[in-house]
Amino acid sequence: KQWYQRRVAITAGGYECLKRCNLHVLDEKHVLFSAGNYIQILDLETKKLTYLPTVGGRGIGSIAVHPSRKYFAVGERGYEPHILIFEYPSLKLYRICRKGTETAYAFLSFSPQGDKLASLGSSPDYMLTIWDWKREKIILRSKAHGQDVFRVTFSTEIEGQLTTGGLGHIKFWKMAATFTGLKLQGELGKFGRTAISDVEGYVELPDGKVLSGSEWGNMLLWDGDLIKCELTQHEKQNCHKGQLQEIFLDEGELITAGADGTVKIWDFETIDGADVLEEDAHFPMEPMSDIFVGDGVNIVSMCKTVTESNNDTNSMWLAQDASGGIWKLDISVSLTKKAPEIIQSYHAGPIRGIAPCRYTHMVASIGADGTVRVFDYLTKRNLVTKKCKSGGSCITWPGRNVDSKMATLIGGFTDGVIRIMALDHAEPEAHEDFKIVLQHAFKPHKGEVTAMIIDDEGQVLVTGSADDCTLFFFDITSNYMPIGFIQLEAEVNTMSWSNS
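Cut-offs used in this document
- Position labels on residues start from 1 in each chain and follow its written sequence.
- Selection of residues for local features in this predicted model requires a pLDDT of at least 70, selection of side-chain atom pairs for listing and counting requires 80 or more, and totals for whole chains, interfaces and linings are taken over all residues.
- To obtain the side-chain values, all non-hydrogen atoms of the structure were used and water was disregarded.
- Helix and strand labels come from DSSP, where a helix needs a run of H or I of at least four residues and a strand needs a run of E of at least two; each type is numbered from the N terminus.
- Here the globule rule is a power law, 2.2 Å times the number of residues to the power 0.38, and the radius of gyration is based on C-alpha atoms.
- Each residue gets one of three labels from its accessible area relative to the maximum for its type: buried under 20%, exposed over 50%, partly exposed in between, using a 1.4 Å probe on protein chains only.
- The contact criterion used is simple: two residues touch if any of their non-hydrogen atoms lie within 4.5 Å.
- Every accessible area reported is derived by Shrake-Rupley at a probe size of 1.4 Å, with residue values counting cover from the shown protein chains alone.
- Here the positive residues are Lys and Arg and the negative ones are Asp and Glu; neither His nor the chain ends is included.
- Where a charge lies is defined by one atom per residue type, namely NZ (Lys), CZ (Arg), CG (Asp) and CD (Glu).
- Polar contact is the term for a pair of N or O atoms within 3.5 Å; when the atoms are in protein, one must be able to donate a hydrogen and the other to accept it, and sequence-neighboring residues count only if both atoms are side-chain atoms.
- Note on pairing: two strands pair once DSSP finds at least 2 bridges between them.
- The convention used is that axes are lines fitted to C-alpha atoms, helices contributing only their stretch in contact, and that angles between N-to-C directions extend from 0 to 180 degrees.
- What we call a nonpolar core is a set of buried Ala, Val, Leu, Ile, Met, Phe, Trp, Tyr and Cys residues that are connected through their side-chain atoms within 4.5 Å.
- Pairing of aromatic rings covers Phe, Tyr and Trp, the last through its six-membered ring, and needs centres within 6.5 Å; plane angles under 30 degrees mean stacked, over 60 mean edge-to-face, and all others mean tilted.
- Whether a charge lies above a ring is judged from NZ of Lys or CZ of Arg, which has to be within 6 Å of the ring centre and within 35 degrees of the ring normal.

Considering the overall build of the chain
Here comes step 1: A count of helical and extended segments in the chain gives one helix and 41 strands.
Here comes step 2: Computed over C-alpha atoms, the radius of gyration of the chain comes to 26 Å, within 12% of the 23 Å expected from 2.2 N^0.38 for 500 residues, which places it in the range of a compact globule.
Here comes step 3: Burial status across the chain gives 55% buried among its 500 residues.
Here comes step 4: Once local pairs closer than 6 in sequence are excluded, the contacts in the chain between residues at least 24 apart make up 45%.
Here comes step 5: For the chain, the exposed area adds up to about 23300 Å²; of that, 50% sits on carbon and sulfur atoms.
Here comes step 6: The chain carries 51 positive and 64 negative side-chain charges, and their two centres are separated by 7 Å.

Okay, structure coming up:
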């Protein structure tokens with residue numbers, strides 16, 4: 001393990017906001033998440049990032065924080081990936097758990113006491129493994145399901161009971177003592193008359209029942225392997241619009257969050273005592289409070305902040321937004337609660353292109369989410385973001401021979417559109433330092449723009465597409481007037497300019 005104790009000088013900016021449960025609180029100032037091959041620890045006050053590389057170097061499948069917050073686990077991707085246990089705050093590698101799955105870990109979860117660790121493997125084995133992680137030993141293992149399994153958690157009240165949820169199923173597990181020793185026994189939930197649903201979020205209740213979400217936004221109350229009732233709002237309205245992503249039981253209140261960007265607070269006692277007539281399995285109720293975070297927000301994960309005094313009345317939570325952000329939310333049921341605040345903003349999904357400015361410490365990026373961003377890599381700040389209608393595919397930042405102010409950005413998009421944009425100073429009351437102004441837009445290609453290049457004199461822009469196999473030429477000095485095009489017999493993926 002000693003060979004691993006190293007540090008890498010690196011500047012990076014990114015967040016895998018589409019990954020399940022990729023946001024964890026370490027202490028009152030720091031949060032933990034993964035991006036690429038690195039674990040990133042963000043200081044919420046200074047915005048400073050600490051980077052921790054993995055051993056395998058083929059990506060990170062899942063992370064989990066120990067209940068004591070003195071350790072965190074990292075499940076890797078790759079051939080026979082490892083689970084790495086790090087100490088916090090020293091960041092020293094403490095334990096390595098080996099051979100728990102074939103290609104990648106989909107989810108990790110510590111037991112409430114912290115002595116066990118549950119891991120879920122992804123395709124092809126979907127292996128559920130219970131570890132004595134301090135001894136680096138496997139206690140029990142079993143195939144979790146025949147399709148994707150999204151998460152696993154231990155019951156907070158009943159020792160040896162676990163739940164897994166995934167594609168079209170939920171499964172209830174027990175670590176049972178048999179004549180042949182300790183076994184991991186699973187019972188598949190039966191949806192009955194209720195439509196089968198993917199299960200993203202769920203929570204184990206103190207009496208052993210389980211409350212799960214559904215694709216259409218309602219909550220399903222499970223008693224054993226059967227659905228006791230389906231919880232809705234009055235007038236047959238769903239609890240959330242779309243997938244219900246997260247459910248928590250906190251201080252006697254039930255908290256749900258969904259793909260509709262809404263967080264709702266429900267009365268737990270009403271839900272726990274919910275009962276319905278046999279002919280109608282729907283139980284209507286209303287939330288005590290709800291918070292609409294913002295348009296386009298898709299909450300996939302939440303975690304409660306911690307305070308130095310461990311105040312039980314702490315109502316501040318952090319939310320992972322699949323649209324590319326980390327939000328700070330006050331979910332207290334009071335008139336004085338704070339408005340939702342976005343504390344970090346990122347590309348949602350793949351970054352399709354980057355273009356550095358040749359004379360400053362800024363770099364522009366374009367993402368599959370259609371956003372164009374300008375990033376200062378010295379101060380590690382996102383200076384400006386512009387949202388476009390279609391997904392981005394490539395970007396270039398022309399030199400002084402095109403624009404003496406170095407303020408022009410040219411972006412290519414998946415719908416074949418080229419957008420000429422200008423970087424300008426924002427108004428004094430704006431939240432960002434700059435603004436991006438659209439100057440021209442034209443659509444030369446039938447498919448995705450895959451490559452762009454400007455000649456050395458800064459007079460001709462050439463664009464190419466792998467979809468329609470064409471090159472288009474534009475006169476930059478004449479406001480990007482078209483010069484002509486060439487039809488090729490091969491896909492255009494990259495280009496370079498030859499002076500000869």
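Remarks on the environment of Met-302
Here comes step 1: Positionally, Met-302 belongs in strand β26 (residues 299-304).
Here comes step 2: We classify Met-302 as buried; its relative accessible area is 3%.
Here comes step 3: C-alpha separation for the pair Met-302 and Ala-274, spaced 28 residues apart in sequence, amounts to 26 Å.

Some details on the side chain of Ser-393
Here comes step 1: Tracing the chain through its elements places Ser-393 in strand β34 (residues 392-396).
Here comes step 2: In terms of polar contacts, Ser-393 uses its side chain to reach the backbone carbonyl oxygen of Val-449, at 2.5 Å.
Here comes step 3: Those residues within four positions of Ser-393 in sequence are excluded, and the remaining contacts are Arg-352, Ile-366, Gly-412, Phe-413, Thr-414, Glu-448 and Val-449.

Focus: the sheet that holds strand β35 (residues 408-413)
Here comes step 1: The four strands are arranged β34-β35-β36-β37 in an open sheet whose pairing can be described as antiparallel. Looking at strand neighbours, the two that pair on one side only are β34 and β37 (434-442), the edges of this open sheet. Put simply, the sheet's adjacent strands are angled 30 degrees from each other on average, direction ignored.
Here comes step 2: Across four bridges, β34 lies against β35 in antiparallel orientation. Within β35, the position partnered with Ile-395 by the bridge is Gly-411.

So, the nonpolar core
Nonpolar side chains in soluble globular proteins tend to be buried together.
Here comes step 1: The biggest cluster of nonpolar side chains holds 20 residues, and the ones touching the most others in it are Val-372, Val-374, Trp-397, Leu-409, Leu-423 and Ile-436.
Here comes step 2: When contributions to this core are tallied by element, the ones reaching two or more residues are β31 (362-367), β32 (371-376), β33 (381-387), β35, β36 (418-425) and β37.
Here comes step 3: With three residues, β31 is the single largest residue contributor to this core.
Here comes step 4: Look past the residues within four positions of Val-372 in its chain and what remains in contact with it is Ser-365, Ile-366, Val-384, Thr-385, Lys-386, Cys-388, Ile-395, Leu-409, Phe-413, Met-421 and Ile-436.
Here comes step 5: Formed by 17 residues, the second largest nonpolar core is a distinct cluster that contains Leu-205, Cys-229, Ile-247 and Met-285.

A few points about unusual backbone geometry
Here comes step 1: Going from Tyr-88 to Pro-89, the amide bond is cis rather than trans, its omega being 15 degrees.
Here comes step 2: Relative to the assigned elements, Pro-89 resides in the loop between β7 (83-87) and β8 (93-97).
Here comes step 3: Geometrically, the link from Ser-123 to Pro-124 is a cis peptide bond, its omega value of 10 degrees lying close to zero.
Here comes step 4: With respect to the helices and strands, Pro-124 occurs in the loop between β10 (117-121) and β11 (127-132).
Here comes step 5: In the Ramachandran plot, Glu-80 falls in the positive-phi region, its phi being about 45 degrees despite a non-glycine side chain.
Here comes step 6: As for its placement among the helices and strands, Glu-80 is situated in the loop between β6 (71-76) and β7.

What about the pairing of β7?
Here comes step 1: Counting buried positions along β7 yields four of five residues, so the element is predominantly enclosed.
Here comes step 2: One ladder, built from five bridges, connects β6 with β7; its direction is antiparallel. Residue Val-74 lies in a different strand from β7, and its bridge partner there is Leu-84.
Here comes step 3: Between β6 and β7, which pair antiparallel and follow one another directly, the connecting turn spans six residues, one of which, Gly-78, has a positive phi of 130 degrees.
Here comes step 4: Between the antiparallel neighbours β7 and β8 lie five residues, among them Leu-91 with a positive phi of about 65 degrees.

Focus on the side chain of Ser-111
Here comes step 1: Here Ser-111 is to be found in the loop between β9 (105-110) and β10.
Here comes step 2: A distance of 3.0 Å separates polar atoms of two side chains, one belonging to Ser-111 and the other to Asp-115.
Here comes step 3: In contact with Ser-111, other than residues within four places in its own chain, are Pro-67, Lys-116 and Phe-154.

Some thoughts on the pairing of β35
Here comes step 1: For β35, the buried fraction is high: six of the six residues fall into the buried class.
Here comes step 2: Along β35, one buried face is formed by Thr-408, Ile-410 and Gly-412 and the opposite face, lined by Leu-409, Gly-411 and Phe-413, is buried too.
Here comes step 3: Where β35 meets β36, five bridges bridge the pair, whose relative direction is antiparallel. Looking at the pairing, Thr-408 lines up with Ala-422 of β36.
Here comes step 4: In this structure, the hairpin formed by β35 and β36 is closed by a connection of four residues, where Gly-416 is found at a positive phi of approximately 90 degrees.

Some remarks on the packing of aromatic side chains
Here comes step 1: Per the counting criterion, the structure on display carries 15 aromatic pairs.
Here comes step 2: Ring geometry for Phe-33 and Tyr-346: centres 6.3 Å apart, planes at 70 degrees, overall edge-to-face. Taken together, the residues Phe-33 in strand β2 (residues 30-35) and Tyr-346 in the loop between β29 (341-345) and β30 (351-356) connect sequence positions 313 residues apart.
Here comes step 3: The exposure class assigned to Phe-33 is buried, which follows from its relative accessible area of 0%.
Here comes step 4: The structure contains a cluster of three or more aromatic residues connected by ring pairs, namely Phe-442, Phe-472, Phe-474, Tyr-480 and Phe-485.
Here comes step 5: For Arg-419, the ring lying beneath its charged end belongs to Phe-413, and the centroid distance is 4.4 Å.

None of the figures reported here should be taken as evidence of function without further support.
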